[in-house]
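Here is what each chain is made of, one letter per residue.
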Amino acid sequence: DTGVSQDPRHKITKRGQNVTFRCDPISEHNRLYWYRQTLGQGPEFLTYFQNEAQLEKSRLLSDRFSAERPKGSFSTLEIQRTEQGDSAMYLCASSPGQGVSYEQYFGPGTRLTVT
Amino acid sequence: RKEVEQDPGPFNVPEGATVAFNCTYSNSASQSFFWYRQDCRKEPKLLMSVYSSGNEDGRFTAQLNRASQYISLLIRDSKLSDSATYLCVVNKIQGAQKLVFGQGTRLTINP
């Protein structure tokens, strides 16, 4: 499968614990994005990388959240001291970053439940 | 005001019917426009890009009106497999590369 992959697919954690998610983009896609989606809403942008550089962060990304893409390939999203409000689907997307339309392709997501 | 607004529905239509969704966006700097489809508990999947001249892909037709900041999606001869949530999406090329999603419109096609 050459699509975007995410791991784990599901994560249940207790409030206050730290969690880390991984995203592997489509190979040769130099742009990688993280979004968060809650029930009944569309995905909301969190952050964006071009190669290894993090170029934009949403105000939704509090100081408990950190994302990295150290070698410009896979990315990790860490949430420290999780809160119940962090429960959501965390989606990763990638795009080639070329052409006019900048279409993005999504992975299956990591569903986080904070108890 | 939300940056991208859609009627959340739900829309329940019989198989074979024609159904249309509308969406408005607030930022006139938006440069690219898309419709994504999302099945229950799955990731969004690109359905089609939307071009100024309008575009068609089989039973699906998308239209863009930049003056009114309005996007539409028309589905003809609807199939049971068209049941999903349809997300209206805009992208600002200058500066932010993020996609801005509407809330989504839930469609159910009934046999």
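To start, this report covers the structure provided alongside it. Everything numeric in this text was worked out from a predicted model, so none of it was measured. (Residues numbered from 1 in each chain as written. Chains lettered and ligands numbered in written order. Predicted model: local features only at pLDDT ≥ 70, side-chain atom pairs only at ≥ 80, totals over all residues. Heavy atoms only, no water.)

Structural notes on the pattern of salt bridges
(1) Moving on: All told, the structure shown has seven salt bridges over all chains when counted by the stated rule.
(2) Moving on: Note that glutamate 56 of chain B is salt-bridged to arginine 76 of chain B, the shortest N-O span being 3.5 Å. Of this pair, glutamate 56 of chain B sits in strand β6 (residues 55-57) while arginine 76 of chain B is found in the loop between β8 (70-75) and β9 (84-91), placing the two residues 20 residues apart along the sequence.
(3) Moving on: Two residues, aspartate 82 of chain B and arginine 59 of chain B, come together in a salt bridge whose shortest N-O distance is 2.8 Å. Here the residue aspartate 82 of chain B occupies a position in the loop between β8 and β9, and arginine 59 of chain B occupies one in the loop between β6 and β7 (60-65), the gap between them amounting to 23 residues.
(4) Moving on: For aspartate 82 of chain B, a relative accessible area of 3% corresponds to the buried category.
(5) Moving on: Since its relative accessible area comes to 22%, arginine 59 of chain B is described here as partly exposed.
(6) Moving on: Overlapping salt bridges, with partners in common, bring together Arg64, Glu83 and Asp86 of chain A in one network. (Salt bridge = Lys/Arg side-chain N within 4 Å of Asp/Glu carboxyl O. Helix = DSSP H or I, 4+ residues; strand = E, 2+ residues; numbered from the N terminus. Buried < 20%, exposed > 50% of the residue type's maximum accessible area, 1.4 Å probe, protein only.)

A closer look at the interface of chain A and chain B
Think of interface size as the accessible area that goes away when the parts come together; that is how it is often given.
(1) Moving on: Every contact between the two is made by 23 residues of chain A and, on the other side, 20 residues of chain B.
(2) Moving on: Counting across the interface, chain A meets chain B through zero salt bridges.
(3) Moving on: The interface formed by chain A and chain B holds five residue pairs in polar contact (both at pLDDT 80 or more) in total.
(4) Moving on: Residue assignment for the side of chain A that touches chain B shows that the elements contributing at least two residues are β4 (31-37), β5 (44-50), β9 (88-95) and β10 (105-106) of chain A.
(5) Moving on: Classifying every residue of the side of chain A that touches chain B by side-chain character gives 12 nonpolar, seven polar and four charged. (Contact = heavy atoms within 4.5 Å. Polar contact = N/O pair within 3.5 Å; in protein donor to acceptor, adjacent residues only side chain to side chain. Nonpolar A, V, L, I, M, F, W, Y, C, P; charged D, E, K, R; others polar.)

Focus: the sheet that holds β7 of chain B
Residues and elements named next belong to chain B.
(1) Moving on: If you trace the five strands from one edge of the open sheet to the other, you get β1-β3-β8-β7-β6, paired in antiparallel fashion. The outermost strands of the open sheet, each flanked by one partner alone, are β1 (4-6) and β6. Across the sheet, the axes of successive neighbouring strands diverge by a mean angle of 20°, strand direction being ignored.
(2) Moving on: In this structure, strand β3 (residues 19-25) lies alongside β8, joined through six bridges in antiparallel fashion. Across the sheet, the residue bridging to alanine 20 is leucine 74, located in β8. (Pairing = 2+ DSSP bridges. Axes fitted to C-alpha atoms, helices over the stretch in contact; angles between N-to-C directions.)

Quick word on the environment of leucine 80 of chain B
All names here are of chain B.
(1) Moving on: Of note, leucine 80 is situated in the loop between β8 and β9.
(2) Moving on: Here the alpha-carbon distance between leucine 80 and glycine 16, two residues 64 residues apart in the chain, equals 8.9 Å.
(3) Moving on: With near-sequence residues (within four places) excluded, leucine 80 lies in contact with Glu15, Ile109, Asn110 and Pro111.

A short note on the side chain of serine 75 of chain A
Residues and elements named next belong to chain A.
(1) Moving on: By secondary structure assignment, the location of serine 75 is in strand β8 (residues 75-79).
(2) Moving on: Polar side-chain contacts of serine 75 include one of 2.9 Å to the side chain of tryptophan 34.
(3) Moving on: A distance of 2.7 Å separates the side chain of serine 75 from the backbone oxygen of glutamate 68, its partner in a polar contact.
(4) Moving on: Setting aside residues up to four positions removed in sequence, serine 75 forms contacts with Phe21, Arg22, Cys23, Leu32, Trp34, Phe49, Glu68 and Arg69.

Considering the nonpolar core
Residue and element names in this part refer to chain B.
(1) Moving on: Of all hydrophobic cores here, the largest spans 24 residues; its most connected members are Phe21, Trp35, Ile71, Leu73, Ile75, Tyr86 and Leu107.
(2) Moving on: Only β3, β4 (32-38), β5 (44-50), β7, β8, β9 and β11 (105-110) provide two or more residues apiece to this core.
(3) Moving on: Setting aside its immediate chain neighbours within four residues, tyrosine 86 contacts Gln6, Phe21, Trp35, Tyr36, Arg37, Leu47, Phe60, Leu73, Ile75, Gly104, Thr105 and Leu107. (Core = buried A, V, L, I, M, F, W, Y, C linked by side-chain atoms within 4.5 Å.)

Overview of the sheet that holds strand β7 (residues 65-68) of chain A
Remark on secondary structure: sheet strands pair via backbone hydrogen bonds, oriented parallel or antiparallel.
Residues and elements named next belong to chain A.
(1) Moving on: Read across the open sheet, the four strands follow the order β1-β3-β8-β7; overall the sheet is antiparallel. On the outer flanks of this sheet lie β1 (5-7) and β7, each paired with one strand and no other. Between one strand axis and the next, the sheet turns through 15° on average, direction left out of account.
(2) Moving on: Where strand β3 (residues 19-24) lies against β8, five bridges are found, and the strand directions are antiparallel. Counted as the bridge partner of cysteine 23 is serine 75 from β8.

Some points on the state of the cysteines
(1) Moving on: Applying the stated criterion across every chain yields a total of two disulfides over all chains.
(2) Moving on: Across the disulfide from cysteine 23 of chain A sits cysteine 92 of chain A; the S-S distance is 1.8 Å. On the S-S bond that ties cysteine 23 of chain A to cysteine 92 of chain A, the torsion sits near -70°, and the link is left-handed. With cysteine 23 of chain A in strand β3 and cysteine 92 of chain A in strand β9, this pair connects stretches of sequence that are 69 residues apart.
(3) Moving on: Judged by relative accessible area, which is 0%, cysteine 23 of chain A ranks as buried.
(4) Moving on: For cysteine 92 of chain A, a relative accessible area of 0% corresponds to the buried category.
(5) Moving on: Put simply, cysteine 23 of chain B and cysteine 88 of chain B are joined by a disulfide, and their sulfur atoms are 1.9 Å apart. Linking cysteine 23 of chain B and cysteine 88 of chain B, the disulfide has an S-S dihedral of approximately -70° and is accordingly described as left-handed. On the criterion of sequence distance, the pair formed by cysteine 23 of chain B in strand β3 and cysteine 88 of chain B in strand β9 is long-range, its members being 65 residues apart. (Disulfide = S-S within 2.5 Å.)

None of the figures reported here should be taken as evidence of function without further support.
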